[in-house]
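Tertiary structure, described
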Amino acid sequence: MKLYQVIIAISSIFFGQANAQNFSLPKMEYAFNALEPFIDAQTMEIHYTKHHQAYINNLNKALTGSKFENQSLEDHLLSISRRSDAVRNNAGGHYNHSLFWEILTPKKDSKLSPELDAAIQASFANVDSLKKLMNQAAATRFGSGWAWLIVTPDKKLQVCSTSNQDNPLMDINPDRGIPILGIDVWEHAYYLKYQNKRGDYLSAIWNVINWENVSIKYAAALKSPLLTYIEKDSWKALKEFHVTMSETFHPAEQGDLEPIKTRSAELMMKAVKLKSSVVPKSFDKPEIKVAIDELVKGANALNKMINKKAKDAVIKAKLFEVHESFHKIQHLCGDDH
Ligand code: MN3
């Protein structure tokens, strides 16, 4: 053991898991009263020091000691269907509010980049109709939630809304993409000043939007590998095949062929379904069609072998071959896991 390893080992005895993620409040770049009269100081202070802090505390609490403890915030959100409700609410709350503070500013002359301006014109005609759409999404969101401007996997802008602390990175959301602007429509965001008049809050907030930061987020989103990830993750037929593949292949690796023997027809049908599904734009190349054909052929042959009660070694070899074909498809979608 090297000296630094000894130090890490000793410090983890004193401080618990030395590598555990511990989320904390991001710095706010302006004072609580800086957004007056549009958003009042008391709302900002309570929102940031109480509400946001509570999401962070509860998130840290929910993750401590769990197997997901060391993952990034984005990793949690992208796989939120496999997390607890506590992680869903609080990881969402932490991400959404961190973004919210960044897209607000007291500066009066905050300007859109020419690139974002052009994209807004292409999708919504102009900034005013974008505001209208966002406010509509926010006003019609029943109960608590958020209105979003997102960059979709095909690199376009889209307006959508989510309930509670969900957001468009989450794999449970029908509209997926990278958020670049989000408006909090929980009552805690406006009630002290606007009471039940959500509409008045929604008209006022456009006076304090940080278009420079939204533009920076737009440029970053276009280059983000998350877009490709979301595009692949939204390919339902591939995801469904993946589930059956994992549930039959991993036991087979451990020597248990029962799952594949009982589910080979299901695996074959999911391969056929994958073949008839629409390949997402970025991956729609001849190589992927060839790889899917190979997968269908392999899954079909495997199913026949199992029906004919072939020997375990033969079945196992064929299953590994089908698994290889599946990995080829994953690889062509930019996923090398
Ligand atoms: Mn809030």
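The model shown is predicted, which means the values in this text are computed figures rather than measured ones. (Residues numbered from 1 in each chain as written. Predicted model: local features only at pLDDT ≥ 70, side-chain atom pairs only at ≥ 80, totals over all residues. Heavy atoms only, no water.)

**Comments concerning the overall build of the chain**
Put simply, the rule reads: Numbering of helices and strands runs from the N terminus; a helix is a DSSP stretch of H or I covering at least four residues, while a strand is a stretch of E covering at least two. When a residue's accessible area, from a 1.4 Å probe over protein chains only, is under 20% of the maximum for its type it is buried; when over 50% it is exposed; and in between it is partly exposed. By the convention used here, residues are in contact when the closest approach between their heavy atoms is within 4.5 Å. All accessible areas in this document rest on Shrake-Rupley with a 1.4 Å probe, and a residue is counted as covered only by the protein chains that are shown. Residues scored as charged are limited to Lys and Arg (positive) and Asp and Glu (negative), so that His and the chain ends carry no count. Note that the charge is assigned to NZ on lysines, CZ on arginines, CG on aspartates and CD on glutamates.
Summing up its helical and strand segments, the chain has 14 helices and three strands in all. With the C-alpha coordinates of the chain rotated into their principal frame, the extents come out at 75 × 60 × 35 Å. The buried share of the chain, reckoned over its 337 residues, is 45%. The contacts of the chain with a sequence gap of at least 6 include a subset with a gap of at least 24, amounting to 70%. Carbon and sulfur atoms make up 55% of the accessible area of the chain, which totals about 17,400 Å². Distance between charge centres in the chain, computed from 41 positive and 38 negative side chains, equals 4 Å.

**Regarding the packing of aromatic side chains**
The test is simple: Put simply, two rings from Phe, Tyr or Trp (the six-membered ring, in Trp's case) pair if the centres are within 6.5 Å, and we call them stacked under 30 degrees between planes, edge-to-face over 60, tilted for the rest. Consider the ring centre and the ring normal. A charge sits over the ring if Lys NZ or Arg CZ is within 6 Å of that centre and within 35 degrees of that normal.
Per the counting criterion, the structure on display carries 10 aromatic pairs. Ring plane angle 55° and centroid distance 5.9 Å describe the contact between Phe32 and Tyr48, whose orientation is recorded as tilted. Of this pair, Phe32 sits in the loop between α1 (3-15) and α2 (41-63) while Tyr48 sits in helix α2, and the two are 16 residues apart along the sequence. On the basis of relative accessibility, which here comes to 11%, the residue Tyr48 falls in the buried class. Taken together, the ring pairs connect Phe32, Tyr48, Phe100, Trp101, Trp146 and Trp148 into an aromatic cluster. Just above the ring of Phe68 sits the side chain of Arg83; from NZ or CZ to the centre is 3.6 Å. Between Lys193 and the ring centre of Tyr194, over which it is positioned, the NZ or CZ distance is 5.7 Å.

**Things to note about the packing of helix α5 (residues 114-124) against helix α9 (residues 211-223)**
The condition that has to hold: The angle between two axes is taken between their N-to-C directions and runs from 0 to 180 degrees, where each axis is a line fitted to C-alpha atoms and a helix contributes only its stretch in contact. Our angle categories are set so that under 35 degrees counts as roughly parallel, over 145 as roughly antiparallel, 65 to 115 as roughly perpendicular, and the remainder as oblique. Residue polarity follows a fixed list, in which Ala, Val, Leu, Ile, Met, Phe, Trp, Tyr, Cys and Pro are nonpolar, Asp, Glu, Lys and Arg are charged, and the others, Gly among them, are polar.
Here α5 crosses α9 at 80°, and the two axes come no closer than 9 Å. By the criterion of interaxial angle, the relationship of α5 to α9 is roughly perpendicular. Across the interface between the two elements, Glu115, Leu116, Ala119 and Ile120 from α5 touch Trp211, Val214, Ser215 and Tyr218 from α9. Tallied by class, the residues present in the contact of α5 with α9 amount to six nonpolar, one polar and one charged.

**Let's talk about the pairing of strand β3 (residues 178-184)**
Heads up, the rule is: Here, strands pair whenever DSSP counts at least two bridges between them.
Extensive coverage of β3 is indicated by the burial of seven of its seven residues. Here strand β1 (residues 145-151) runs beside β3; their pairing, made up of six bridges, is antiparallel. Paired with Val151 across the two strands is Ile178, which belongs to β3.

**Description of the environment of His242**
Mapped onto the secondary structure, His242 falls in helix α11 (residues 236-253). The exposure class of His242 is partly exposed, given its relative accessible area of 30%. Residues His242 and Leu267 lie 25 residues apart in sequence; the distance between their C-alpha atoms is 9.3 Å. Once residues lying within four places of it in the same chain are set aside, the contact partners of His242 are Phe326 and Gln330.

**Topic: unusual backbone geometry**
That bond from Glu36 to Pro37 is cis: its omega, 0°, falls within 30 degrees of zero. Topologically, Pro37 is positioned in the loop between α1 and α2. Phi at Ala125 takes a positive value of approximately 80°, unusual for a residue other than glycine. Relative to the elements of secondary structure, Ala125 occurs in the loop between α5 and α6 (127-139). Residues other than glycine seldom take positive phi values, yet Gln195 does so here, at roughly 45°. Position of Gln195 among the secondary structure elements: in the loop between α7 (191-194) and α8 (198-204). On the accessibility criterion, Gln195 (32% relative accessible area) is partly exposed.

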